[in-house]
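# Results of the structural survey
One letter stands for each residue in the lines below.
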Amino acid sequence: MEVYECIRSKLTVREFKSDSVPDGLIAQMLRGGRWAASARNRQPWNFIVIKDRETLGEIGRIASSGAFIGDAPLCIAVVMEKQGRPELDAGRALQQMELVAWSQGVGGCVAGIRGEENDKVKELLKVPEDKELITVMAFGYPTDAASGRSKQRKPLSEIAHAERFGQGYLAG
């Protein structure tokens, strides 16, 4: 799949088939995340691959905005060094993993895990204290219902500006 088409067609998926994601594809997704840019090329990430049904279910119960994790065949937790702006570098890595997955028919969704929920998931996954759990992202093959959706985007004229905010950018 061509890159722009992959970006344009990618959907957030919260409903998954029970089919497992092949290990070869998981490795490719992890390599995609590994090749993401990072501030000063520090590559401050660690990725925890989670396929155990019990662990997935427990994370789904803990994460108030991520119950869908319990139904996913795969999650990847993104753990970062506690320095700088880890969310930015984590987001870069996650986006690349998502695009690799989507190019092979696998969708995903990030779960917002904050505060006490984050502490509980961090403990469950045995993340060291000197590391920060950024998020857990569920992956899997979309159900037919999830695949049939489309996404809407604001017109470029509403969000693109030329030189200064409020001056419309005329895309060619």
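This section reports on the structure supplied with the text. In this text, all values refer to a predicted model and were calculated from it rather than measured experimentally.

A cluster of like negative charges, contributed by Asp-119, Glu-123, Glu-129 and Asp-130, occupies part of the molecular surface. Relative to the assigned elements, Asp-130 resides in the loop between helix 5 (115-124) and strand 4 (131-140). For Asp-130, a relative accessible area of 51% puts it in the exposed group.

Read from one edge of the open sheet, 4 strands run 1-2-4-3, paired in antiparallel fashion. The strands lining the two open edges of the sheet, one partner per strand, are strand 1 (45-50) and strand 3 (107-111). On average, adjacent strands in this sheet sit at an angle of 25° to one another, irrespective of strand direction. Taken together, the 8 bridges between strand 2 (residues 74-81) and strand 4 define a ladder with antiparallel strand orientation.

Volume-wise, the largest pocket comes out at about 250 Å³. Tyr-4, Ile-7, Arg-8, Lys-10, Leu-11, Thr-12, Gln-95, Arg-149, Lys-151 and Arg-153 together form the lining of the largest pocket. The greatest single-element share of the lining of the largest pocket, amounting to 3 residues, is contributed by helix 1 (residues 3-9). Residue composition of the lining of the largest pocket, by class: 3 nonpolar, 2 polar and 5 charged. One number sums up the size of the second largest pocket: a volume of about 220 Å³. Lining the second largest pocket are 15 residues, and of these Glu-87, Val-110, Arg-114, Ile-134 and Thr-135 lie nearest its centre. Breaking the lining of the second largest pocket down by element, the ones donating at least two residues are helix 4 (86-103), strand 3, helix 5 and strand 4. Counted by class, the lining of the second largest pocket contains 7 nonpolar, 5 polar and 3 charged residues.

Reading the values: rules and limits
Residues numbered from 1 in each chain as written. Predicted model: local features only at pLDDT ≥ 70, side-chain atom pairs only at ≥ 80, totals over all residues. Heavy atoms only, no water. Patch = residues over 30% accessible without salt bridge, like charges linked within 9 Å, V, L, I, M, F, W, Y side chains within 5 Å. Areas by Shrake-Rupley, 256 points an atom, 1.4 Å probe, with all protein chains shown as cover. Salt bridge = Lys/Arg side-chain N within 4 Å of Asp/Glu carboxyl O. Lys, Arg positive; Asp, Glu negative; His and termini not counted. Charge placed at Lys NZ, Arg CZ, Asp CG, Glu CD. Helix = DSSP H or I, 4+ residues; strand = E, 2+ residues; numbered from the N terminus. Buried < 20%, exposed > 50% of the residue type's maximum accessible area, 1.4 Å probe, protein only. Pairing = 2+ DSSP bridges. Axes fitted to C-alpha atoms, helices over the stretch in contact; angles between N-to-C directions. 1 Å grid on protein atoms, 1.4 Å probe; cavity = no way out; pocket = protein on both sides within 12 Å on 5 of 7 lines; lining within 4 Å. Points joined across faces, edges and corners; volume = space filled by probe spheres on them. Nonpolar A, V, L, I, M, F, W, Y, C, P; charged D, E, K, R; others polar.

Geometric descriptors of this kind do not, in isolation, establish any biological role.
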